[in-house]
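# Residue-level structural notes
What follows is the residue order along each chain.
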Amino acid sequence: DDIVAESPAGAQTKALAEKIAATDATVLLESESGTGKELYAQAIHNASLRREGVFVAINCANFNPNMLESELFGYVEGAFTGAKKGGKLGLFEAAAGGTLFLDEISEMDLGLQAKLLRVLQERRIRPVGGVKEIDVDVRVIAACNAGLPDYVDQGKFRKDLYYRLNTFPIHIPPLRERTGDIPALAAAILDQLSHKLRRPFTLTDEAVRLLQAHSWPGNVRELRNVLEFCAYLTPSG
């Protein structure tokens, strides 16, 4: 219900997400930056059989390969210099019974991609420095920019992992392809800003026309930033 989808393109994407949510399959969300991939991932989790479990998100672009491996799979005590006493639980174990969202998966190192592929196939992980494998019960939702096939062609992303993730792809259309959603999106954002700034905000008809005429290269994130900027500056609301 948090997803605004009144345009035909938006409604079609939301309907597909609802259908896939009922399964336990791995999902690949493809879209430009700022379209709300994590919102869709959270919504799929909330509508799934795993809704009582936790939803854990990580941006793969924020870590170097060694750090990301430790974050995902955890490590045992003494695995490397500086490893915490008692080791560390990885996110695959932390998300047990729930959903793990891997954002910007295209930025994952090729070596780590191979390990992820094995986890998706075997449903088992091996912590860094460990010798025993651990069973994991977690649903994986991955997200990337729409250019992931180009990464595959360039040898930057494993073809076998791409096909494994691409079983259930969902393309989230950019805001310029669903301008019919802009009035409702803007209203929802202004409602949040009204609560935050403790004063009401409204849009004139002319403002709506201007918003719908813009191309929005930054998508919903850009729309939110523009409205917040205006909210802080307008004396009348």
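Quick summary incoming for the structure in this document. (Residues numbered from 1 in each chain as written. Predicted model: local features only at pLDDT ≥ 70, side-chain atom pairs only at ≥ 80, totals over all residues. Heavy atoms only, no water.)

### Let's talk about the pairing of strand β3 (residues 99-103)
Burial analysis of β3 places five of its five residues in the buried class, which makes it a mostly covered element. Of the two faces of β3, the one carrying Thr99, Phe101 and Asp103 and the one carrying Leu100 and Leu102 are both buried. As paired strands, strand β2 (residues 55-59) and β3 are joined by five bridges and run parallel to one another. Directly across from Ala57, in β3, lies its bridge partner Phe101. Alignment of β3 against strand β6 (residues 139-144), held across four bridges, turns out to be parallel. Across the sheet, residue Phe101 finds its bridge partner in β6, namely Ile141. (Buried < 20%, exposed > 50% of the residue type's maximum accessible area, 1.4 Å probe, protein only. Helix = DSSP H or I, 4+ residues; strand = E, 2+ residues; numbered from the N terminus. Pairing = 2+ DSSP bridges.)

### Concerning the sheet that holds β2
Spatially, β2-β3-β6-β1-β7 is the arrangement adopted by the five strands of the open sheet, whose pairing is parallel. With partners counted over all chains shown, the strands left at the sheet margins are β2 and β7 (169-171), one partner each. Geometrically, the sheet is characterised by an average inter-axis angle of 20° between neighbouring strands, direction not taken into account. Two strands pair when backbone bridges link them, and strand β1 (residues 27-30) and β7 are joined in this way by three bridges, in the parallel orientation. Looking at β7, one finds that Glu30 is bridged to His171. The sheet strands contacting helix α1 (residues 8-21) are β1, β6 and β7, and the helix crosses β7 at an angle near 160°. (Axes fitted to C-alpha atoms, helices over the stretch in contact; angles between N-to-C directions. Contact = heavy atoms within 4.5 Å.)

### Considering helix α3 (residues 65-73)
Residues lying three or four places apart along an α-helix face the same way, a consequence of the helix completing one turn every 3.6 residues. What α3 keeps buried is the set Leu68, Glu69, Ser70, Glu71, Leu72 and Phe73. On its buried side, α3 packs onto β2, α4 (91-94), β3, α5 (110-122) and β4 (124-125). Among the residues of α3, the N-terminal cap falls to Asn64, whose side-chain oxygen and the backbone nitrogen of Asn66 are separated by 3.1 Å. Residue Gly74 follows α3 closely and has a positive phi angle near 75°. (Polar contact = N/O pair within 3.5 Å; in protein donor to acceptor, adjacent residues only side chain to side chain.)

### Some details on the pairing of β6
Taken across its six residues, β6 has six buried, putting it largely inside the fold. Relative to β6, β1 runs parallel, the two sharing four bridges. Looking at β6, one finds that Glu30 is bridged to Cys144.

### Observations concerning unusual backbone geometry
Although it is not a glycine, Trp216 adopts a positive phi angle of roughly 50°. Note that Trp216 resides in the loop between α9 (205-213) and α10 (219-233).

### So, a nonpolar patch on the surface
On the surface, Phe229, Tyr232 and Leu233 cluster together into a nonpolar patch covering about 370 Å² of accessible area. Take Leu233: its relative accessible area is 58%, and that puts it in the exposed class. (Patch = residues over 30% accessible without salt bridge, like charges linked within 9 Å, V, L, I, M, F, W, Y side chains within 5 Å. Areas by Shrake-Rupley, 256 points an atom, 1.4 Å probe, with all protein chains shown as cover. Salt bridge = Lys/Arg side-chain N within 4 Å of Asp/Glu carboxyl O.)

### Describing the layout of surface pockets
Counted as a void, the largest pocket has a volume near 560 Å³. In terms of lining residues, the largest pocket is bounded by 21 residues, among which Gly34, Thr35, Gly36, Leu39 and Val220 are the most central. Taken together, the elements giving at least two residues each to the lining of the largest pocket come down to α2 (37-46), α8 (182-197) and α10. Each residue belonging to the lining of the largest pocket can be placed in one class, and the counts come to eight nonpolar, five polar and eight charged. (1 Å grid on protein atoms, 1.4 Å probe; cavity = no way out; pocket = protein on both sides within 12 Å on 5 of 7 lines; lining within 4 Å. Points joined across faces, edges and corners; volume = space filled by probe spheres on them. Nonpolar A, V, L, I, M, F, W, Y, C, P; charged D, E, K, R; others polar.)

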